[in-house]
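Residue strings, one per chain:
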Amino acid sequence: MYTHDTIAAIATPAGTGGVGIIRVSGSTAESIARRIFRPSKTSCSWESHHLYHGDIIAGDSQTAIDEVLVALMRAPHSFTGEDVLEINCHGSPVIMQAILSELMRLGCRPAKPGEFSQRAFLNGRIDLSQAEALATLVAARSEKSSAIVLTQLKGALGKEIESLRLLLIEAIALTETEIDFTEDVSSGEAPGILPQLDTLAKRLKLLLDSYRRAKIYTEGLNVVITGKPNVGKSSLLNALTGRKRAIVTDIPGTTRDLITDTIDINGIPVNITDTAGLRKPLDIIEKAGIDLALENLSQADFIIVLLDGSKPLTEEDTKIIEGIPAKNNIIAINKTDLPPAWEPDRSSPLPPDTRTLKISAKFGSGINELKNILAADIASPEKENTGTVMINNLRHKNALERALDNIRKAKENLVCGTSPEFTALDLREALDNLDEITGRKITDEILDKIFSTFCIGK
Ligand SMILES: Nc1nc2c(ncn2[C@@H]2O[C@H](COP(=O)(O)OP(=O)(O)O)[C@@H](O)[C@H]2O)c(=O)[nH]1
Ligand SMILES: [Mg+2]
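Student: Any details on the site of ligand 1? Residues and values, ideally.
Tutor: In the region of ligand 1, 17 residues are neighbours, and N230, K233, S234, S235 and D337 sit closest. N230 has a polar backbone atom sitting 2.8 Å from an oxygen atom of ligand 1. K335 has a polar side-chain atom sitting 3.0 Å from an oxygen atom of ligand 1. Here the residues of the shell around ligand 1 sort into five nonpolar, seven polar and five charged.

Printed below as a string of structure tokens:
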């Protein structure tokens, strides 16, 4: 809920720094500024968006707490849309705390996490997707991910949603016109609705498709190595990372925990996980390891199924191959430094058109080819988003999925000749789904939850 009191917080990270920034927002920001700040020049005109040099003074006395630069950003042209005071002081936690205490004494309240952004949203300075982009931008760990959220911060996602919204409103209007006329006209759907819905669905799908790629840019590609025990999974992890991360022995069932290490492929983090070999477990520890492995497999972006080329394939191997999802995987045939027991040709029990690669984890052959395959997976055109906006927020993805579902339902109803009221209802729901993303229609409870995940001072 919006409270109109004046809030203050340290906006720079905890600890010592060259400069620290303290932010104040609310209707008393200016009067507080006039009391707490003593300008170095005799006159200080307090022009909006101007920096002034001087001291922060304690307890309305003459004692200086720090030498600072301050700026007053008057409403509505400030981040929050309220009067905002920014104090650039020296980055000592002691100084920042002393200034903050002084601000509290003058009537400020400590800001809650995300409260500045929340006020910016509630005052219509930014939409919800921009506020969320801001939080993600602060936390971005790679150049590519910060580029994605920067476009969202500039309002690109909000604009796309707004344009989809207009299309949807048009479709609703068309449907509702039809409701008015159904008594006179017995024909099917109103002209123009179906193509309109198709366009909407296509554009929603495009946004949704960008999620996987954006997530890979942000969090990395999650690659999981699987196979039965002793085929060389741990050796492969070590070969890919160039480090001795996992224990390698000739005892089947050595690896139990998940072991993950990250390598960089073309500037994108690739998280490779070595897992317990899949077989009938011999004890409860191995069973726990296998359960973990299976759970991890279901969340993988890419799976490497490892087989031992020096020994005949077994039922365990074929069961594993059958169990993995059809997309984004490769079958790597290991130990090709040894005489082969089988070949990945038509006589092998591998399903037709499986992608295979011969490697030797022990001696490093085929490892670069495997990395190239991973690089190609990251860059594959089907994952390339042709639009400029990408989504990387799960909340947005869920809302878009619901919108797409509702549009598909609306289309089905239209095609089946169901009463147009149902189509209109579905479309109205889709509209609500889109409005959740920009925050046009959202409950206070959800808002509070979103902003509470932000950091203090943001
Ligand atoms: N000759 C040969 N032996 C390998 C190769 N990769 C792994 N091994 C051996 O196979 C055994 C099992 O390896 P490990 O990586 O622990 O297999 P995991 O159980 O699948 O993790 C060890 O003795 C490794 O040295 C390879 O490419 N060639
Ligand atoms: Mg292992």
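Now that the structure has been shown, the text picks up again.
Student: Account for the domain arrangement of the chain, with residues named and values stated.
Tutor: The domains assigned to the chain are domain 1 (7-126), domain 2 (156-215 + 393-439) and domain 3 (220-382). Taking only C-alpha atoms into account, the centre of domain 1 sits 55 Å from that of domain 3.

Student: Summarise the sheet that holds strand β10 (residues 268-274); cite the residues concerned and give the values.
Tutor: Read across the sheet, six strands follow the order β9-β10-β8-β11-β12-β13 without closing on themselves; strand pairing throughout is mixed. With partners counted over all chains shown, the strands left at the sheet margins are β9 (259-265) and β13 (356-358), one partner each. Neighbour-to-neighbour, the strand axes of the sheet open up by a mean angle of 25°, direction not taken into account. In this structure, β9 lies alongside β10, joined through seven bridges in antiparallel fashion. Within the sheet, the bridge partner assigned to D261 lies in β10 and is I272. Helix-sheet contacts for helix α7 (residues 193-219) involve β8 (221-226) and β10, and the interaxial angle to β10 is about 85°.

Student: For the coordination of the magnesium ion (ligand 2), give the residues involved together with the corresponding values.
Tutor: In the first shell of the magnesium ion (ligand 2), the protein supplies S234 (OG) and T255 (OG1), at 2.0 to 2.1 Å from the metal. Of this pair, S234 sits in helix α8 (residues 233-241) while T255 sits in the loop between α8 and β9; the two residues are 21 residues apart in sequence, bridging distant segments of the chain. Looking at T255, the relative accessible area reads 11%, which means it is buried.

Student: Any chance you could break down the pattern of salt bridges for me, citing the residues and the numbers?
Tutor: Counted by the stated rule, this structure contains 30 salt bridges. Residues R165 and E162 are paired through a salt bridge, measuring 3.7 Å at the closest nitrogen-oxygen approach. With R165 and E162 both in helix α6 (residues 156-181) and three residues apart, this pair spans about one turn of that helix. For R165, a relative accessible area of 12% corresponds to the buried category. The partly exposed category is assigned to E162, whose relative accessible area is 26%. Across the pair K411 and D198 runs a salt bridge whose closest N-O atoms are separated by 2.9 Å. On the criterion of sequence distance, the pair formed by K411 in helix α12 (residues 394-416) and D198 in helix α7 is long-range, its members being 213 residues apart. On the basis of relative accessible area, D198 is assigned to the partly exposed category, the value being 37%. One salt-bridge network, in which partners are shared between bridges, spans D5, E82, R109, E115 and R119.

Cut-offs used in this document
Residues numbered from 1 in each chain as written. Chains lettered and ligands numbered in written order. Predicted model: local features only at pLDDT ≥ 70, side-chain atom pairs only at ≥ 80, totals over all residues. Heavy atoms only, no water. Near = heavy atom within 4 Å. Polar contact = N/O pair within 3.5 Å; in protein donor to acceptor, adjacent residues only side chain to side chain. Nonpolar A, V, L, I, M, F, W, Y, C, P; charged D, E, K, R; others polar. Domains from an automatic or database assignment. Pairing = 2+ DSSP bridges. Helix = DSSP H or I, 4+ residues; strand = E, 2+ residues; numbered from the N terminus. Axes fitted to C-alpha atoms, helices over the stretch in contact; angles between N-to-C directions. Contact = heavy atoms within 4.5 Å. Donors = N, O, S within 2.8 Å, 3.2 Å for Na, K, Ca; no water. Buried < 20%, exposed > 50% of the residue type's maximum accessible area, 1.4 Å probe, protein only. Salt bridge = Lys/Arg side-chain N within 4 Å of Asp/Glu carboxyl O.

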